[in-house]
Amino acid sequence: PSESVLRQILPVHWPESRFQEFPSMPRLQAQVASRRQLLSEVAKRKNLDLERLTFAFDLVSTRAVGASIDACALIPGVDLANHGPKANTDLSV
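It should be emphasised that the depicted structure is a prediction, and the values quoted were computed from it without experimental measurement.

Asks: Would you mind showing me how to read the packing of aromatic side chains here?
Replies: Working definition: an aromatic ring pair is given by the centre-to-centre distance plus the angle between the planes. Within the structure shown, the criterion is met by two aromatic pairs. The ring of Trp-14 carries the charged tip of Arg-18 above its face, separated from the ring centre by 4.0 Å.

Here it is in C-alpha cells:
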C-alpha cells in the first residue's frame, strides 16, 4: 500500500480523537503511544527522520509474518499474495 493509505489505516498515525471509536479496545491507545515513543527515541538516537523511520516500520510491520511483535520474519514473495477478501491465487511451499 502507498504511504497515504498506511497513514489512514495504521493506528500509529491516527489522531487521538480516533481512538474514541474503539472503546472496547483500551490497550490499543497505550500500545500506539508506546510504539510512537519507541520510534521517536530510535529516530533521535540514530539521527533519522522520524517520518521516514515510521514509514519503514509501516512497510515491515504490514508484511511481516509471525506470532508476536517480538518474533516475526519477512518472507520474500509472501507479501505479493492477494490481500483481498476473495482469493485469486494459491501459495504452496
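Here the narrative resumes.
Asks: Can you walk me through the nonpolar core in this structure?
Replies: General note: in soluble globular proteins, nonpolar side chains tend to be found buried as a group. Among the nonpolar cores identified, the biggest contains seven residues, and these are Leu-6, Leu-10, Val-12, Leu-39, Ala-43, Leu-53 and Phe-55. Those elements that provide at least two residues to this core are helix H2 (26-46) and helix H3 (50-61). Excluding residues that lie within four positions of it along the chain, Leu-53 makes contacts with Leu-39, Val-42, Ala-43 and Leu-48.

Asks: Explanation requested: the side chain of Asp-58 in the structure shown.
Replies: Considering the arrangement of structural elements, one finds Asp-58 in helix H3. Look at Asp-58: it is buried, it has no salt bridge, and the nearest opposite charge is Arg-7 at 6.5 Å. Non-local contacts of Asp-58, meaning those with residues more than four positions away in its chain, are made with Leu-6, Leu-10, Val-12 and His-13.

Asks: Explain the environment of Arg-18 to me, please; I cannot follow it from the model alone.
Replies: Among the secondary structure elements, Arg-18 is positioned in the loop between helix H1 (3-9) and H2. Residue Arg-18 is classed as partly exposed on the basis of its relative accessible area of 28%. Note: C-alpha distance between Arg-18 and Gln-29 (11 residues apart in sequence) is 9.7 Å. Looking at Arg-18, its side chain comes within polar contact range of the main-chain oxygen of Gln-8, at 3.1 Å.

Asks: I'm lost on the packing of H2 against H3 in this one. Help?
Replies: Each pair of packed helices gets described by two things: the angle between the helix axes and the distance between those axes. The contact between H2 and H3 brings their axes to 9 Å, and the two run at 125 degrees. Our classification of the angle between H2 and H3 gives oblique. H3 is crossed by H2, and the crossing has right-handed handedness. Along the contact surface, H2 presents Arg-35, Leu-39, Ser-40, Val-42 and Ala-43, while H3 presents Leu-50, Leu-53, Thr-54 and Phe-57. Partitioned by chemical class, the residues of the contact of H2 with H3 number six nonpolar, two polar and one charged.

Asks: Please explain H3 as it appears in this structure.
Replies: A turn of α-helix holds 3.6 residues, and therefore any two residues three or four places apart point the same way. Taking 1.5 Å of rise per residue, the 12 residues of H3 would be expected to cover 16 Å, and the 16 Å separating its terminal C-alpha atoms lies within 8% of that figure. Every buried residue belonging to H3 is among Leu-53, Thr-54, Phe-55 and Asp-58, and all of these are buried. Elements that come into contact with the buried residues of H3 comprise H1 and H2. Near the N-terminus of H3, the side chain that reaches the backbone nitrogen of Glu-51, with its oxygen 3.3 Å away, is that of Asp-49.

Asks: Would you take a moment to explain the layout of surface pockets for this structure?
Replies: Sizing a probe to match a water molecule and rolling it over the atoms shows the empty space that remains. Here the largest pocket defines a volume of roughly 260 Å³. Residue lining of the largest pocket: Leu-10, Pro-11, Val-12, Leu-28, Gln-31, Val-32, Arg-35, Phe-57, Asp-58, Ser-61 and Thr-62, and that is the complete set. Only H2 and H3 provide two or more residues apiece to the lining of the largest pocket. The leading source of residues in the lining of the largest pocket is H2, at four residues.

What counts and how
- Residue positions are given per chain, counting from 1 as you read along its sequence in written order.
- Reporting in this predicted model follows two pLDDT cut-offs: at least 70 for local features of residues, and 80 or more for side-chain atom pairs to be given and counted; totals over whole chains, interfaces and linings ignore these cut-offs and use all residues.
- Excluded from the side-chain calculation are hydrogens and water; included are all heavy atoms of the structure.
- Stacked, edge-to-face and tilted are the three classes for Phe, Tyr and Trp ring pairs, Trp counted by its six-membered ring, which pair at centre distances within 6.5 Å; planes under 30 degrees apart are stacked, over 60 edge-to-face, the rest tilted.
- Either the NZ atom of lysine or the CZ atom of arginine qualifies as a charge over a ring when it sits within 6 Å of the ring centre and within 35 degrees of the ring normal.
- To define a nonpolar core, start from buried Ala, Val, Leu, Ile, Met, Phe, Trp, Tyr and Cys residues and group those joined through side-chain atoms within 4.5 Å.
- Only protein chains enter the area calculation, which uses a 1.4 Å probe; residues under 20% of their type maximum are buried, those over 50% are exposed, and those in between are partly exposed.
- Per the convention used, a helix needs a DSSP run of H or I reaching at least four residues, while a strand needs a run of E reaching at least two, with both numbered from the N terminus.
- We call two residues in contact when some of their heavy atoms are within 4.5 Å.
- In summary, the charge assignment counts Lys and Arg as positive and Asp and Glu as negative, without counting His or the chain termini.
- Think of a salt bridge as a Lys or Arg side-chain nitrogen and an Asp or Glu carboxyl oxygen that are within 4 Å of each other.
- Polar contact criterion, stated in full: a pair of N or O atoms within 3.5 Å, where within protein one must be able to donate a hydrogen and the other to accept it, and residues adjacent in sequence count only if both atoms are side-chain atoms.
- Axis lines are fitted to C-alpha atoms, over the contacting stretch for helices. Their N-to-C directions set the angle, which ranges from 0 to 180 degrees.
- Reported orientations rely on four angle classes, namely roughly parallel under 35 degrees, roughly antiparallel over 145, roughly perpendicular from 65 to 115, and oblique for the rest.
- By definition, turning the near helix anticlockwise from the far helix through less than a right angle yields a left-handed crossing, and turning it clockwise yields a right-handed one.
- Note on residue classes: Ala, Val, Leu, Ile, Met, Phe, Trp, Tyr, Cys and Pro are nonpolar, Asp, Glu, Lys and Arg are charged, and everything else, Gly too, is polar.
- A helix is expected to span 1.5 Å for every residue after the first.
- A cavity here means a set of 1 Å grid points, computed over protein atoms only, where a 1.4 Å probe fits but cannot escape. A pocket is an open set with protein on both sides within 12 Å along at least 5 of 7 lines, and lining residues have an atom within 4 Å of a point.
- Grid points are joined across faces, edges and corners, and a volume is the space filled by probe spheres set on the points.

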